[in-house]
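Single-letter residue listing:
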Amino acid sequence: PILAFAVEDMRFTENALVLYSPLFAMLRDLMIRWCLYSLEKTGFIQVLTILCIETSNLVYVIKTRQKFRKWDNIIDIANKLLMALYNLITLLTFLPLSSAFRQQYLGGALLFILIILIVINLLYFIGLALYILGRAIKENTCDKCKKKPEKLSEGVNLNDPENSQMQLNIVQPAPQGL
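Conventions adopted
Residues numbered from 1 in each chain as written. Predicted model: local features only at pLDDT ≥ 70, side-chain atom pairs only at ≥ 80, totals over all residues. Heavy atoms only, no water. Helix = DSSP H or I, 4+ residues; strand = E, 2+ residues; numbered from the N terminus. Buried < 20%, exposed > 50% of the residue type's maximum accessible area, 1.4 Å probe, protein only. Contact = heavy atoms within 4.5 Å. Areas by Shrake-Rupley, 256 points an atom, 1.4 Å probe, with all protein chains shown as cover. pLDDT = per-residue confidence, 0-100. Core = buried A, V, L, I, M, F, W, Y, C linked by side-chain atoms within 4.5 Å. Axes fitted to C-alpha atoms, helices over the stretch in contact; angles between N-to-C directions. Parallel < 35°, antiparallel > 145°, perpendicular 65-115°, else oblique. Left-handed = near helix turned anticlockwise from the far one by under 90°. Nonpolar A, V, L, I, M, F, W, Y, C, P; charged D, E, K, R; others polar. Salt bridge = Lys/Arg side-chain N within 4 Å of Asp/Glu carboxyl O. Phe/Tyr/Trp six-rings, centres within 6.5 Å; stacked < 30°, edge-to-face > 60°. Expected span 1.5 Å × (residues − 1). Arc of directions from axis to C-beta.

### Thoughts on the overall build of the protein
Tallying secondary structure elements over the protein gives seven helices and zero strands in all. Element order for the protein, N to C, with α for helix and β for strand: α-α-α-α-α-α-α. Across the 178 residues in the protein, those meeting the buried criterion constitute 25%. Put simply, 45% of the contacts in the protein that link residues at least 6 apart link residues at least 24 apart. In the form shown here, the protein has an accessible surface area of approximately 13500 Å², with 67% of it arising from carbon and sulfur atoms.

Set out below in structure tokens:
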């Protein structure tokens, strides 16, 4: 789990609650897949169990704030919050409601949540890509903008303070007689 901090851009800490966060993420994924497989015939219990797993993961992420950058934490919390809300609304579809209400209102709310998830993640991805591209361009252009020290034909560096007297002798014309 410690290696994931270097790979996933997570804040390294001695706190055991945060230190094992990659292990908790794998455990969360395993539990969700197990619920999907083993509880496939009981839809309500399946969605309720997944809602409990997602909500506990949301509380864990909010409490630990694992990511290094502030925006990564915000995006991670927003994703987990929207997925918990999505599961909650999916849970409401098991109530005895008319199919028109389910389709029009609950389906519309689920669609709206999915669109928000896609837009948030797409904007974050584009922003991060532009940020990385901008930093790469800045580093490459600024490195090229730095002037190399000028040298004399003998190879003496003119910007070196030890050669300042030599610069004065070269730059200043020799005094001329009257």
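Additional details are given in the paragraphs that follow.
### Considerations on the confidence of the model for the protein
Close reading of the predicted structure is inappropriate where its pLDDT is low. Residues of the protein with pLDDT of at least 70 account for 70%, and the chain-wide mean is 77. Contacts for the low-pLDDT stretch residues 166–171, under 50 throughout, to residues beyond four places or in other chains number five contacts.

### Here we look at the nonpolar core
Of all hydrophobic cores here, the largest spans six residues; its members are Leu82, Ile89, Leu106, Leu110, Ile113 and Leu117. Secondary structure elements with two or more residues in this core: helix 5 (70–92) and helix 6 (99–145). By residue number, the principal contributor to this core is helix 6, which donates four residues. In contact with Leu106, other than residues within four places in its own chain, are Ile89, Leu92, Thr93, Leu97 and Phe101. The next biggest cluster of nonpolar side chains, apart from the first, holds five residues, and it includes Ile32, Cys35, Leu39 and Ile50.

### Comments concerning the packing of helix 4 (residues 43–64) against helix 5
Between helix 4 and helix 5, the least distance of the axes is 9 Å, while the angle of their chain directions is 160°. It follows that helix 4 is roughly antiparallel to helix 5 by the angle criterion. Here helix 4 runs over helix 5; the crossing is left-handed. Contacts between helix 4 and helix 5 involve Phe44, Val47, Leu48, Ile50, Leu51, Glu54, Thr55, Asn57, Leu58, Val61 and Ile62 from the first element and Asp76, Ile77, Lys80, Leu81, Met83, Ala84, Asn87, Leu88, Thr90 and Leu91 from the second. For the contact of helix 4 with helix 5, the residue count by class is 14 nonpolar, four polar and three charged.

### Overview of the pattern of salt bridges
Applying the stated criterion across every chain, the model contains four salt bridges. Salt-bridge contacts for Glu54 lead to Arg28; the nearest nitrogen and oxygen are separated by 2.7 Å. Remark: Arg28 occurs in helix 3 (residues 21–38) and Glu54 occurs in helix 4; sequence separation between them is 26 residues. Of the two residues examined, Glu54 and Arg28, each falls in the buried class. In the salt-bridge network here, residues are joined through shared partners; they are Arg28, Asp29 and Glu54.

### Quick word on the packing of aromatic side chains
Note on aromatic pairs: each is described by the distance of the centres and the angle between the planes. If you walk through the whole model with that rule in mind, you get three aromatic pairs. Ring geometry for Phe44 against Phe94: centres 5.9 Å apart, planes inclined by 85°, an arrangement best described as edge-to-face. A residue pair is termed long-range when its members are at least 10 positions apart, and Phe44 in helix 4 and Phe94 in the loop between helix 5 and helix 6 qualify at 50 residues.

### Notes on the environment of Ile53
Along the chain, the position of Ile53 falls in helix 4. Take Ile53: its relative accessible area is 8%, and that puts it in the buried class. Expressed as a C-alpha distance, the spacing of Ile53 and Ile32, which sit 21 residues apart in the sequence, is 7.4 Å. Ile53 has contacts with Arg28, Met31, Ile32 and Cys35, leaving out every residue within four places of it along the chain.

### What about helix 3?
The terminal C-alpha atoms of helix 3 lie 25 Å apart, and with 18 residues this matches the ideal 26 Å at 1.5 Å per residue to within 8%. Buried within helix 3 we find Ser21, Pro22, Arg28, Ile32 and Cys35. The buried residues of helix 3 occupy one face: seen down the axis, they fall within an arc of 150°. Across from the buried face of helix 3, at angles greater than 90 degrees, the exposed residues are Met26, Leu30, Arg33, Trp34 and Tyr37.

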